[in-house]
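Below are the chains, spelled out letter by letter.
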Amino acid sequence: MNRYAFLTLVLAVPSALAEPVNNPWSLVPEFPGSCYSAEDNFDSSALAAISEVQTEESRRSGINQTISQQYAKMDMMEQQQRMMEFM
């Protein structure tokens with residue numbers, strides 16, 4: 001296997017296995033076509049989108065806090081070793 005094929009494989013596999021990034025703007029509902037219509041459900045769909053984004057944000061915040069706590073508990077030599085392995 002040549003070097004470029006190996007490099008492509010190494011770069012492609014982690015990105016294919018990574019969790020897809022959700023764009024919060026894709027949840028924004030369309031604006032109503034007419035003003036103050038009785039059939040307009042923009043308010044409820046906007047509130048549902050806000051709730052969904054807040055739930056996702058709190059989930060990610062919890063994950064980030066867990067990672068920060070694990071990093072703070074880590075010995076300085078272990079941090080250095082992991083950084084050297086990463087490089």
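As a reminder, the structure under discussion sits directly above these lines.
My aim in this report is to walk through the structure given alongside it, one point at a time. This is a predicted model, so every value here is computed, not measured. (Residues numbered from 1 in each chain as written. Predicted model: local features only at pLDDT ≥ 70, side-chain atom pairs only at ≥ 80, totals over all residues. Heavy atoms only, no water.)

### Considering the overall build of the protein
No. 1: Each helix and strand in the protein was counted, giving three helices and zero strands.
No. 2: For the protein, the succession of helices and strands along the chain, N to C, is α-α-α.
No. 3: Element-wise, carbon and sulfur atoms account for 61% of the exposed surface of the protein, whose accessible area totals about 8300 Å². (Helix = DSSP H or I, 4+ residues; strand = E, 2+ residues; numbered from the N terminus. Areas by Shrake-Rupley, 256 points an atom, 1.4 Å probe, with all protein chains shown as cover.)

### Section: a nonpolar patch on the surface
No. 1: Where nonpolar side chains cluster on the molecular surface, the patch consists of Met84, Phe86 and Met87 and spans about 480 Å² of accessible area.
No. 2: Mapped onto the secondary structure, phenylalanine 86 falls in helix α3 (residues 76-86).
No. 3: Residue class for phenylalanine 86 comes out exposed when judged on its relative accessible area of 77%. (Patch = residues over 30% accessible without salt bridge, like charges linked within 9 Å, V, L, I, M, F, W, Y side chains within 5 Å. Salt bridge = Lys/Arg side-chain N within 4 Å of Asp/Glu carboxyl O. Buried < 20%, exposed > 50% of the residue type's maximum accessible area, 1.4 Å probe, protein only.)

### What about the pattern of salt bridges?
No. 1: All told, the structure shown has three salt bridges when counted by the stated rule.
No. 2: Among the ionic pairs, glutamate 56 bridges to arginine 59, the shortest N-O distance being 2.7 Å. Here glutamate 56 pairs with arginine 59, and both are found in helix α2 (residues 42-73), just three residues apart, close to one helical turn.
No. 3: As a salt-bridge pair, arginine 82 and glutamate 78 come within 3.1 Å of each other at their nearest N and O atoms. Residue arginine 82 and its partner glutamate 78 are located together in helix α3, separated by four residues, close to a single helical turn.
No. 4: Here the salt bridges share partners, and the residues they tie into one network are Glu56, Arg59 and Arg60.

### So, the side chain of glutamine 79
No. 1: Its location among the elements puts glutamine 79 in helix α3.
No. 2: Only 3.1 Å separates the side chain of glutamine 79 from the backbone oxygen of tyrosine 71, close enough to count as a polar contact.
No. 3: Setting aside residues no more than four positions away along its own chain, glutamine 79 makes contact with Tyr71 and Met74. (Polar contact = N/O pair within 3.5 Å; in protein donor to acceptor, adjacent residues only side chain to side chain. Contact = heavy atoms within 4.5 Å.)

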